[in-house]
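Spelled out, the chains give:
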There are 2 protein chains.
Amino acid sequence: MPSTVRERVRAELTAEITAAARRQLAEVGAAGLSLRAVARELGMASSALYRYFPSRDDLLTRLITDGYDALGAAAEDADDPVAPPRERWLAVCRAVRSWARAHPHEYALLYGTPVPGYAAPRETVPSAARVGVVLGRVLGDAARSGALPDAAGRARDPELVSDETAAILGGAHPALDDAVRVRALLAWSSLYGTVSFELFGQLVGSVADVDRYFDVAMGELADLLRL
Amino acid sequence: MPSTVRERVRAELTAEITAAARRQLAEVGAAGLSLRAVARELGMASSALYRYFPSRDDLLTRLITDGYDALGAAAEDADDPVAPPRERWLAVCRAVRSWARAHPHEYALLYGTPVPGYAAPRETVPSAARVGVVLGRVLGDAARSGALPDAAGRARDPELVSDETAAILGGAHPALDDAVRVRALLAWSSLYGTVSFELFGQLVGSVADVDRYFDVAMGELADLLRL
DNA sequence: CGTTGACGAGAGCACCGCTCTCGTTGCGAA
DNA sequence: TTCGCAACGAGAGCGGTGCTCTCGTCAACG
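Position labels on residues start from 1 in each chain and follow its written sequence. Chains and ligands are labelled by the order in which they are written, letters from A for the one and numbers from 1 for the other. Local features in a predicted model are, by the rule used here, given only for residues with pLDDT of at least 70; side-chain atom pairs are given and counted only at 80 or more, and totals for whole chains, interfaces and linings are based on all residues. To get the side-chain values, take all heavy atoms of the structure and skip hydrogens and water.

Going by what an unreviewed UniProt entry lists, chain A is known as Transcriptional regulator, TetR family and is assigned to Geodermatophilus africanus.

Time to look at the overall build of chain A. In this description a helix means any DSSP run of H or I spanning at least four residues, a strand means any run of E spanning at least two, and both kinds are numbered starting from the N terminus. The helix and strand inventory of chain A stands at eleven helices and zero strands. Mapped from its N terminus to its C terminus, chain A presents α and β elements in the order α-α-α-α-α-α-α-α-α-α-α. Structurally, chain A occupies a C-alpha span of about 60 × 45 × 35 Å along its principal axes. The 227 residues of chain A split such that 49% are buried. Two residues qualify as a contact provided that any one of their heavy atoms is within 4.5 Å of a heavy atom in the partner residue. Sequence-distant contacts in chain A: of pairs separated by 6 or more residues, those separated by 24 or more amount to 72%. Between the mean site of the 25 positive side-chain charges and the mean site of the 30 negative ones, chain A shows a separation of 4 Å. In this scheme, a residue with accessible area under 20% of its type's maximum is buried, one over 50% is exposed, and one in between is partly exposed, where area comes from a 1.4 Å probe on protein chains only. Charged-residue counts in this description rest on Lys and Arg as positive and Asp and Glu as negative, His and the chain ends being excluded. Think of each charge as sitting on NZ of Lys, CZ of Arg, CG of Asp or CD of Glu.

Taken together, a rotation about one axis and a shift along it account for how the two chain copies relate. Screw-axis analysis of chain B against chain A gives a translation of 0.0 Å along the axis, an RMSD of 0.0 Å, and a rotation angle of 180 degrees. Here the copies are linked by what is in effect a two-fold axis. Most of the interface of chain B is mirrored in chain A, where 100% of its interface residues again form contacts. Here the copies are matched by least squares. The fit uses the C-alpha atoms of residues with pLDDT of at least 70 in both.

In summary, the pairing rule links any two rings of Phe, Tyr or Trp, Trp by its six-membered ring, whose centres are within 6.5 Å, and it sorts them by plane angle into stacked for under 30 degrees, edge-to-face for over 60 and tilted for everything else. Applying the stated criterion across every chain, the model contains 16 aromatic pairs over all chains. When the centroid spacing of 4.5 Å and the interplanar angle of 35 degrees are considered together, the rings of Tyr192(A) and Phe197(B) count as tilted. One end of the pair, Tyr192(A), is in helix H10 (residues 178–199); the other, Phe197(B), is in helix H10 (residues 178–199), on a second chain. Take Tyr192(A) and Phe197(B): they sit in the same class, and that class is buried. Here Phe197(A) and Trp188(B) contribute two aromatic rings whose centre-to-centre distance is 5.7 Å and whose plane-to-plane angle is 65 degrees, an arrangement assigned as edge-to-face. Residue Phe197(A) is located in helix H10, and its partner Trp188(B) is located in helix H10; the two belong to separate chains. Every member of this aromatic cluster is reached through a ring pair, and the members are Tyr68(A), Tyr107(A), Tyr111(A), Trp188(A), Tyr192(A), Phe197(A), Tyr68(B), Tyr107(B), Tyr111(B), Trp188(B), Tyr192(B) and Phe197(B). One Lys or Arg, Arg97(B), reaches over the ring of Phe214(B) and ends 5.1 Å from the middle of that ring. In this analysis the charged atom, NZ for Lys or CZ for Arg, is taken to sit over a ring once it is within 6 Å of the ring centre and within 35 degrees of the ring normal.

Attention shifts here to the UniProt feature "domain: HTH tetR-type" (unreviewed entry) in chain A. UniProt positions are given in the numbering used here, feature names are shortened, and annotations may be inferred rather than shown by experiment. UniProt records the feature "domain: HTH tetR-type" (unreviewed entry) for residues 11–71 of chain A in the present numbering. From the first C-alpha to the last, residues 11–71 of chain A spans 24 Å; its make-up is 82% helix and 0% strand.

Throughout this description, the term salt bridge denotes a Lys or Arg side-chain nitrogen within 4 Å of a carboxyl oxygen of Asp or Glu. Scanning the entire structure with this criterion turns up 36 salt bridges over all chains. A salt bridge links Arg62(B) to Asp66(B), with the shortest nitrogen-to-oxygen separation between them at 3.4 Å. Taken together, the residues span about one helical turn, with Arg62(B) and Asp66(B) both in helix H4 (residues 56–78) at a distance of four residues. For the salt bridge of Asp178(B) with Arg181(B), the shortest nitrogen-to-oxygen distance reads 2.6 Å. On the criterion of helical spacing, the pair formed by Asp178(B) and Arg181(B) is a turn pair, its members being three residues apart in helix H10. A relative accessible area of 0% places Asp178(B) in the buried class. The class for Arg181(B) is buried, based on a relative accessible area of 5%. Taken together, the shared-partner salt bridges connect Arg97(A), Arg101(A), Glu198(A) and Asp211(A) into one network.

As a further point, take the protein's contact with DNA strand D. Being near a molecule or strand, for a residue, means having at least one of its heavy atoms within 4 Å of it. Near DNA strand D, the surroundings consist of 23 residues, among which Arg10(A), Ser47(A), Arg51(A), Leu35(B) and Arg36(B) are the closest. Polar contact is the term for a pair of N or O atoms within 3.5 Å; when the atoms are in protein, one must be able to donate a hydrogen and the other to accept it, and sequence-neighboring residues count only if both atoms are side-chain atoms. Tyr52(A) is positioned with one of its side-chain polar atoms (N or O) 2.8 Å from a phosphate oxygen of DNA strand D. In this structure, a phosphate oxygen belonging to DNA strand D sits 3.0 Å away from a side-chain N or O atom of Ser34(B). Looking at the surface near DNA strand D residue by residue, the classes come out as nine nonpolar, six polar and eight charged. Think of it as three bins: nonpolar holds Ala, Val, Leu, Ile, Met, Phe, Trp, Tyr, Cys and Pro, charged holds Asp, Glu, Lys and Arg, and polar takes everything else, Gly as well.

Residues and elements named next belong to chain A. Relative to the helices and strands, Ser 127 resides in helix H7 (residues 125–128). Note on Ser 127: relative accessible area 9%, which makes it buried. Once residues lying within four places of it in the same chain are set aside, the contact partners of Ser 127 are Thr 65, Tyr 68 and Asp 69.

Attention shifts here to the packing of helix H6 (residues 104–111) of chain B against H10(B). Residue and element names in this part refer to chain B. Relative to each other, H6 and H10 sit at 135 degrees, their axes nearing to 11 Å. Our classification of the angle between H6 and H10 gives oblique. Crossing handedness for the pair H6 and H10: left-handed. Residues Pro 104, Tyr 107 and Tyr 111 of H6 form the contact with H10, whose own contacting residues are Trp 188, Tyr 192, Val 195, Ser 196 and Leu 199. Across the contact of H6 with H10, the residue classes break down as seven nonpolar, one polar and no charged. All axes here are fitted lines through C-alpha atoms, helices being fitted over the stretch that makes contact, and every angle between N-to-C directions spans 0 to 180 degrees. If an angle is under 35 degrees, it is roughly parallel; if it is over 145, roughly antiparallel; if it lies from 65 to 115, roughly perpendicular; otherwise it is oblique. Helix crossings fall into two classes, left-handed where the near helix is turned counterclockwise from the far one by less than a right angle and right-handed where it is turned clockwise.

The next subject is the interface of chain B and chain A. If you look at the interface, chain B gives 42 residues, while chain A gives 42 residues. Of the roughly 3900 Å² buried between chain B and chain A, counting both surfaces, carbon and sulfur atoms make up 59%. Applying the counting rule to chain B against chain A returns four salt bridges. Between chain B and chain A we count 20 residue pairs in polar contact (both at pLDDT 80 or more) in total. For the side of chain B that touches chain A, the secondary-structure elements that each account for two or more residues are H6, H10 and helix H11 (210–224) of chain B. If you tally residues by element for the side of chain B that touches chain A, the top one is H10(B), at twelve residues. In the side of chain B that touches chain A, the residues fall into 22 nonpolar, 13 polar and seven charged. Two parts placed together each lose some accessible area; with a 1.4 Å probe, that loss summed over both constitutes the buried area.

Next comes the structure, spelled out in structure tokens:
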């Protein structure tokens, strides 16, 4: 809780800055986002912004973590824990795609070309993992409910899938081996690739009814996951 | 053939400009590529560059088509038409990944966030399609050699997969229906998603041995394609 | 041989990220 | 309550960017 007046007005102004920056990001994209324009929108000197964010990249990092959190929340909201696993998977996929289409520039900031010098890892990781956590929960619940066939038993290999990631992807269960976990990572990469292809215009001449294509494709991935 | 001296020196200088720009792109990425820096490297005034490229975006568009061509050539070189279909698919995947790792900034320019205002479609399309053509040839050859099971016969739907794309993806054959074609587009999107995740650092904490992970994942995609 | 158009160089405009200085003012210690 | 300090906002300024305009030069073509 902000005790002093200064702390409270600082928190409010920080929030206003990020809000204005997010608005500009939605309009002109990350490449066009300008600190000076944000300052103009707020009626303050551009130099004053540096009291709140030490650099443009730090502002972008903040927008990135916020974006990951918003996308993660959308995925979590779309997941109904009592629905059949396949429906849960499809619902999460559709939620990710919907969020991406509603916030294309934010999605591009999250999953497109990294703009700062390949940086800003640590603080963004927990937020970035939220969608993966949802997918892992779907997979783990499916395994524990007996909806998944027993795995062939590919040897556990932390070099292939790290321990943290294996824990996120349902933990230990007879239906989950490293082959299943690789397929889960592949499915998540494929969802990302499909959404990005659509958003970045990579399949404009190939697919007209993108809604149907997306559902069919995500159904194929559900088959891949044995859901 | 350039008849006059002026035409020849113009062609040479244009090539020098794109070469210098590609060098800068490889070093600092698309966002950091500066017309003035290119001009400095060539020892000419920045305004003179505009005699050859009307804007920075046009220079980038040229680099984009060149990049698509280079990636397409790498994929074509890696494809041995007499090898088994599954080996051909894996070889093309490995070639795409190798090219991307060798030219990360160029790959990001091709498949990352679109930098100009979502533009430059027409002239880039033929070059961008080359990798897809290779994949389509592998699929079509597999079908015609009898290596593919007969398809379930999903109704042909140009809204789902356009006629041009269906023609590229092996044309008409009993083993090829729209379900197979959607899986082919999905596999290509997944290859792209997997490579991008690796390059953009999205699976740093999850996968240590990326070489093995990639091979296992592409093998799963080969299964998806029934190769 | 003369005209014209392509060309390179330079100055300049508006914008950018970022730094520094300089009054002002809230806040905690004395 | 008063005093000193640190946080703050505003402004000027630096070096960089993409891009435009002007001007002198020279090759190419009628």
